[in-house]
Structure formats: structure tokens, C-alpha cells
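One letter stands for each residue in the lines below.
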Number of protein chains: 2
Amino acid sequence: MPRVQLQNARLPCPNRLIRPLIRRLQPYVPGEQPKVEGLIKLNTNENPYPPAPSVLRAIRSAADARLRLYPNPTADGLRYKLAKLYGCAPENIIVGNGSDELLEMAVRCFVEPSPCASARTPAGAARCMVQYLTPSYSLYPVLADMHGAIKNAVPLNPDFSLPSPQQLRRGSRWRFDAALTFITTPNAPSGRGYRTAELESLCRAQRGLVVLDEAYAEFADENALALALKYPHVIVSRTFSKAYSLCFLRVGYFIGHPELIAALHKIRDSYNVNGLGQLAAETTLDHLDYYSANFGKIRATRQWLTEQLTQLGFHVVPSQTNFIFVRPPDRTAHQRGGPNKAARTSGSAEDWYYALRERKILVRWFDQPQVRDYLRITIGTPSQARRLVQVVREILRC
Amino acid sequence: MPRVQLQNARLPCPNRLIRPLIRRLQPYVPGEQPKVEGLIKLNTNENPYPPAPSVLRAIRSAADARLRLYPNPTADGLRYKLAKLYGCAPENIIVGNGSDELLEMAVRCFVEPSPCASARTPAGAARCMVQYLTPSYSLYPVLADMHGAIKNAVPLNPDFSLPSPQQLRRGSRWRFDAALTFITTPNAPSGRGYRTAELESLCRAQRGLVVLDEAYAEFADENALALALKYPHVIVSRTFSKAYSLCFLRVGYFIGHPELIAALHKIRDSYNVNGLGQLAAETTLDHLDYYSANFGKIRATRQWLTEQLTQLGFHVVPSQTNFIFVRPPDRTAHQRGGPNKAARTSGSAEDWYYALRERKILVRWFDQPQVRDYLRITIGTPSQARRLVQVVREILRC
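What counts, and where the lines are drawn
Residues numbered from 1 in each chain as written. Chains lettered and ligands numbered in written order. Predicted model: local features only at pLDDT ≥ 70, side-chain atom pairs only at ≥ 80, totals over all residues. Heavy atoms only, no water. Helix = DSSP H or I, 4+ residues; strand = E, 2+ residues; numbered from the N terminus. Buried < 20%, exposed > 50% of the residue type's maximum accessible area, 1.4 Å probe, protein only. Contact = heavy atoms within 4.5 Å. Pairing = 2+ DSSP bridges. Axes fitted to C-alpha atoms, helices over the stretch in contact; angles between N-to-C directions. Least-squares fit on C-alpha atoms with pLDDT ≥ 70 in both. Buried area = accessible area lost by both parts, 1.4 Å probe. Salt bridge = Lys/Arg side-chain N within 4 Å of Asp/Glu carboxyl O. Polar contact = N/O pair within 3.5 Å; in protein donor to acceptor, adjacent residues only side chain to side chain. Nonpolar A, V, L, I, M, F, W, Y, C, P; charged D, E, K, R; others polar. Domains from an automatic or database assignment.

K.L.:
Break down the side chain of Thr381 of chain B for me, citing the residues and quoting the values.
P.N.:
All names here are of chain B. The topology assignment puts Thr381 in the loop between strand E12 (375–378) and helix H17 (382–397). When its relative accessible area of 19% is taken as the criterion, Thr381 is described as buried. Contacts of Thr381, omitting those with residues within four sequence positions, involve Pro48, Tyr49 and Thr301.

K.L.:
Residues and numbers for the sheet that holds strand E2 (residues 93–96) of chain B, please.
P.N.:
Residue and element names in this part refer to chain B. In space, the seven strands of this open sheet follow the order E2-E8-E7-E6-E5-E3-E4, with mixed pairing throughout. Edge strands, defined here as strands with exactly one partner in the open sheet, are E2 and strand E4 (150–155). Here the average twist between neighbouring strands, direction ignored, is 20°. Here strand E3 (residues 129–134) pairs with strand E5 (residues 180–184) via three bridges, running parallel. Counted as the bridge partner of Gln131 is Thr181 from E5. Sheet strands touched by helix H6 (residues 99–110): E2, E3, E5, strand E6 (209–213), strand E7 (234–239) and strand E8 (252–255). Its angle to E8, the strand with the most contacts, is close to 40°. Contacts from helix H8 (residues 139–147) reach E3, E4, E5 and E6, with the element oriented near 165° to E3.

K.L.:
Which residues make up the environment of Ile150 of chain A, and what values do they have?
P.N.:
All names here are of chain A. Assignment of secondary structure puts Ile150 in strand E4 (residues 150–155). Distance in space between the C-alpha atoms of Ile150 and Glu46 is 32 Å, their sequence separation being 104 residues. Residues in contact with Ile150, not counting those within four places in the same chain, are Ser114, Ala125, Cys128, Met129 and Val130.

K.L.:
Can you lay out the relation of the copies chain A and chain B for me, pointing to particular residues and giving the numbers?
P.N.:
Superposition of chain A onto chain B requires a rotation of 180° combined with a translation of 0.0 Å along the rotation axis, giving an RMSD of 0.0 Å. With respect to symmetry, the two chain copies, as superposed, fit the operation of a two-fold axis. Relative to the rotation axis, the C-alpha of Arg60 of chain A is the closest in chain A, positioned 2.3 Å from it. Counting the interface residues of chain A, we find that 100% of their copies in chain B are interface residues as well, pointing to one common contact surface.

K.L.:
Break down the interface of chain A and chain B for me, with residues and values.
P.N.:
Tallying the contact residues gives 81 residues for chain A and 81 residues for chain B. Of the roughly 7600 Å² buried between chain A and chain B, counting both surfaces, carbon and sulfur atoms make up 60%. Contact with chain B buries area across many residues of chain A, yet Arg68, Tyr70 and Phe248 of chain A alone supply 12% of it, more than any other trio. Inspection of the chain A/chain B interface yields four salt bridges. Across the pair Glu112 of chain B and Arg19 of chain A runs a salt bridge, and its minimum N-O distance is 3.4 Å. Taken together, chain A and chain B are joined by 42 residue pairs in polar contact (both at pLDDT 80 or more). With six residues, the single largest contributor to the side of chain A that touches chain B is helix H6 (residues 99–110) of chain A. Looking at the side of chain A that touches chain B residue by residue, the classes come out as 42 nonpolar, 18 polar and 21 charged.

K.L.:
Residue-level account of the domain arrangement of chain A, with values.
P.N.:
Residues and elements named next belong to chain A. In terms of domain boundaries, chain A breaks down into domain 1 (40–49 + 289–397) and domain 2 (53–286). At the interface, 25 residues of domain 1 touch 28 residues of domain 2. When domain 1 packs against domain 2, close to 2100 Å² is buried across both sides, 59% of that on carbon and sulfur atoms. In terms of surface lost to domain 2, no three residues of domain 1 exceed Tyr291, Gln320 and Gln370, which account for 31% of the buried area on that side. Seen at the junction of domain 1 and domain 2, the total is zero salt bridges.

K.L.:
How would you summarise helix H10 (residues 196–205) of chain B if you had to cite specific residues and measurements?
P.N.:
Taken together, the buried positions of H10 of chain B are Thr196, Leu199, Glu200, Leu202, Cys203 and Ala205 of chain B. Here the buried face of H10 of chain B lies against helix H9 (165–171), E5, E6, helix H11 (225–230) and E7 of chain B.

K.L.:
Outline the pairing of strand E2 (residues 93–96) of chain A, supporting the account with residue identities and numerical values.
P.N.:
Residue and element names in this part refer to chain A. Residues Ile93 and Val95 point to one face of E2 and Ile94 and Gly96 to the other, with burial holding for every one of them. In this sheet, strand E8 (residues 252–255) lies alongside E2 in antiparallel orientation, the contact comprising four bridges. Following the sheet pairing, Ile94 is matched in E8 by Phe254.

Written out as C-alpha cells, the structure is:
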């Protein structure tokens, strides 16, 4: 027995095999994907409408012996179609296993990990820097931490609008030489849209790479795709997940200068995009009218819901996305009948999150500074929106 | 005009935005995926048989509105089924977008990038080291380069068998303290299988992490999965691509100690495995008999082809995989009719690669030391094997 214990004692301890950087890492927490009967799921910005019938048919008829073969490694069919759509070359495009994969690759491709000696000088630190505005996509700081990069998180204006280069210069925290700057546009989680002109003036001021993360661009009045084809240091990120109802199949893409795209291809997994995802995305591009009609419906529901919740005392940030960011009414706003009643009216955003959840409506609440007072609500179908308003009224009456 | 030029001159040069490490990187070159009518494709080790009919049906009936939703982020259904199959816990398993994704994540999770100051001492260098035997999967050195790790490539024995720990100690190049050691077992590209006992004695000698890359284990007489559940520093990598005819859908997995697996989950993309891939893999596990029958057919064809090519003067490495590694006959071996005829007989492996390609049979040839004299030929159907032998005879007669 002692001999066996000695042998085991000689085996490496698994925890010590893990890099300290990874041991310390606080991972990204995705929204829940519960499977609950009758749940109205408005927490992860999925499109309420299914993919076009032709997309579903294309997948069904491709479920055959071809599955045994590797997919096209560079998603050529899809890149050619996208290039035609945007008037650029396939060399301007790289397709990813969702845009998340590409965001992660961008950090590895353009940002030095910080233990390098050069990080001790300001210019050296900039080469190790992932910069972003807050609040925005909460994945960016995790990607930076995972890589050992320096994070530079700079707040948006209090109304979630984009600070101008002049404001950023005055604030002195922003780095115009940061290796990589992520800008979520339209912004998530606030839903606020940014003008292409203001994005362009920020891009022109940056000396490092800028990724304009347009995961929700199809729901907005403007998009900044032209900037990726105009500037050699600007990449636009897009996805088929939200606008094109293909979350399940993981297809996103970057558009940018061919040299940047070629560098990303070098670190891409050989077969990073599954074949049915490629096919579904290609077929999607043949049926854009179907999706445009859905965007119209989602925008109409967004407007209706914005009006209804505003009337009920919520502050609703003007949205250019398929979700709205809302601050529940102040307790005092609903004091009808004196202090006793007031105590039973709506509480914090967190209280609202649980109150809605109890009533089978799942929304997203972020326990983070700047956004703790808000709920993010995905725009569902009109009937889901009506149910939400009904439930909100019930909660307010409690 | 001069003013416009000045403005452009101020824009960042895209090449300078790319990390020097990535600029220097020689990327991995996957096998070709040509779409040529009538081509017999024996170059990327795909299974010649389609997935089970139930798998295809499951995909067809899942092509519906669910595609708009995110897939299960941690592939729970699949992990539970795999855990049941192997008698372990779901916490022992992580599913990847193909096993390539997981191999890449292992480097980021367990190996320090080398610019760190500690790399100057031997122990520090070991923490930055990706070690592997050559020849093996040619992705490993690329993953190391991509991460800025130190590569330690140590040759297999000349017959592609595994050196024992004693041999490795004598050779002095092998590092028992390397942060991460990849062992392809059965070996690719040679096809040679390794006994679990010899793998175990090597694992017991290693102080760093060992990944046993078992992409082809289902075609072998033995596998080393038990080692991943026995040792806290051993991970086994598997894939649904080859044995289960699902290359197109990108599903692989790692099995190992829960602490190692948990660390990998931390750096995983939130939704890294597409939903139809998860479903196809789950359904596959309900029909293992269908696949066992295919493994039997592939082993039988492998044996027949080995015999035929051996008779024609090829040296065929004994294979435990769904491919064979063959050295074409020496020119002199086919001298029938004096020196004039000899000049027209078969030449180098490279010549053979092109001669087969001209006749619409695509195999793989690696222009690398140790393997330049060999061709790697995937085991296809019996009729593809017969055609290959017929074409080889034709070439030998030329």
C-alpha cells in the first residue's frame, strides 16, 4: 500500500499543468439556454422567425453521404457570394465558426501578449492592448484576459452614445495607438446606434486595428461596412446568427483589407466552418427579401414595445437592434395609495428579472457597473411582446 | 491631390498591424478538397461509407425553426452519452469544433508563449514547450508556432515505432518535463499502431501534459482511452470525423481529468459546436453497430490492399488506421528487359503522386524529411481499392 501511494504522489497535479493565466481567468458567461415548456425566451437576442423555407429545404437535401467529406476549408462558395453582394473580393472576407471565433482570432493575430518586455513602455503597452468602450460585448475583456493582453475599457457617454475623438482626447484614458479596438455598433447591450460618420472619424483617429462589431447591423438604419473597404485598418464583423436566424449553425464573417484577412486565415482552423452552416448561409443570400420582411416586422414590434413600456414608466434606450435596453420605473413613480402600496411596486432591474422569470419570461440582466439598473429584452414576435406588456402590467399592479 | 495622398500616407499600413509572429508563420496546409467528376479521393482519410441512415434522418427532421436558437453551449446531450459509453463523468469531456479546435486550445491552455523571461532556463523553456514525435500530425508545429511556443520534435524509430522511455532518455533530446506532448496514436501518417502498455510507460515518465491524439483509434486493435481516466496528466483526443463519417459537421472531443477539462472549457468559444453536429454525433452513438460493421469492411480492404501492393513491390507500413503508408518499389526492382526498360519504370513517391493524380486517383504526398519517399493512401471502398491496384499495375507497366 505505501508503495502505491508513493507512485500516485509522483504523478503531476492537474492544476499545476494549467497556465496561471488560465487558472485566474474569469470565463465569459453566455445567456442561459433553458428548455422550459412555454417559456418566452427573450434573453439571447435570437430572431423570433425561422430561416427561409428554402434554407431548411437546402439543409434537408444535403443530409446525405457528403457528410463523410470535409467541408470547403475556406468557405469559398459563401465568400464569393458575399463578395458579390458587397462589391468586394473574396480575399476581403474570412468566414468563422460564428463571429465569436473571429473576434478571438483577431486578438491572437493583432495583439501581443503582455509579458513581453516591451510592455513596460507606453508604446509597448499599446501593442499588447485590447481596447473597448463600456458597456459593450462582455466577451472582449475575456478575450483579452485569455491572451494575456492589457485591457483598456473606456466608458461610453452616460446615454450610451459614442464619445467623439475630441472627447476621448480630453478624457486621456483612450489610446489612439491601441493594437486592437473593438466597437460594438449598434451597441450591445444598450441597443444604441452610431452614425457611420462618427464611426469614421473615430477610425481615422486610430493608429491600430479597429474591429467594428456589427452583429446587429441588419436591424439598424445605417451600417459601416463601407469603412472596412475604405480603410486598411478597419474590419467589420458580421454574423448570420441574429438577423438570419442561424444561431444553431455558427456562421459569422469579417470583411477587411486582404492583408489583414490573409493573416487571420493563417491562424484559422483548417475546417473551421461546418458544411451545413456554409450551405445554409449561401442559401440565405438567395432569399434576402424574406429576411428584409422579418427585419421590418422586428422593427415594428420594437417600436410598439418601446411605446408601451415607455407609457408604463420604463426608460427605453432608443434601439437600432433586435433588443431593447430598459430601466424599470422608479419605485416612487408608481406610488398610488401611499407608502404602503409603494413598497409593493416594482423594484430594481434584478427584481424585475426574477419577477419576469417567475412568469415564464426570460430576459437578460447584467450584474455589472453602468448597466445594473437595466434589463435587456430581445424583440420577439408581436404576441410575445403583447404577453410581455401584459405581464409587466401585472407586476406593476402587485 | 497632394493633400489626399498625404492623408492616405497617414493611414496605418496593414502589414504592420499584424504580429511579427503571425507574419512569419508558415500555416498548416490541409489536403486538397477538389470537386472533380470521377475522382477517387484517397487523400484526406475520409470514411468511404456514409453516416447511418438514422443520423441523416435526424438531421433532416431537425432542419426547422430551432435553427434560429443557439445550440447547447456545452454539448451536454453528447457529453452525457459519451460519459455513459466510457463509464466516466460528463466533467471528463469537452466537445470541440472538430478535434483540431481542441488541440489548438490545449496549446493555449497548458503552454506558456516563449517570450517570457523564464524561457531562458531549461525548466522555463519546458513550460513553453510543445513536444511531439516525427513524423506525426503536421498541425502540431504550426500550433506551437502560432502560440510562440518552443517546438521539440523528436524522431520516431526508423520503422515509425515508438521509442521507449529508456531510448528517449539515451537520446537526450526528449524532454520529460515538456509542458505539452502530442502523441498521434495510431500514428499518422505512418498508420503504425502503438500498444497501450508502451503508451502507458511513456505517460508515466512524463511530468507535463500528454495528449494522446486518437483520431484513428476506431480502426485499431487497441486504444488508450483508459489512460485518460487513470492519469491526471493524460488527455485522449477523439473525433467523429473519420470513423463516424461526420467530417462535414466538425465534432471532436477530449477526455481527461476534470480539472484539465474545466480549464479548457474556460477558453472555449461559448457556442463552439454547431447544433446539427451535436445532434448527428448523439444519434451516431445510438447506432454503433452500423459503424462497427464499416470498421470491419475498412480493415478487410486495408488488408487486401496491403497484400496487393506488397506483391507489386511496395513497402507497406503495417496499418492500424483507415489509410496505409507505402513506399513505391525501387526502380531497380522492376527491371525486366535491361536498363532501357528500367528507366521507364516507377520513380519517386512524388512521381507516383502525380502519375496517380493524372489517372484520377488523389493520394497524399508530404514533401518533408522522413516521409518524402512515401505516399499516404486512404482506404476507400473495395471497388476503389481494385481500381487503385489496376492503375498501379498500369503505371508499373509504363
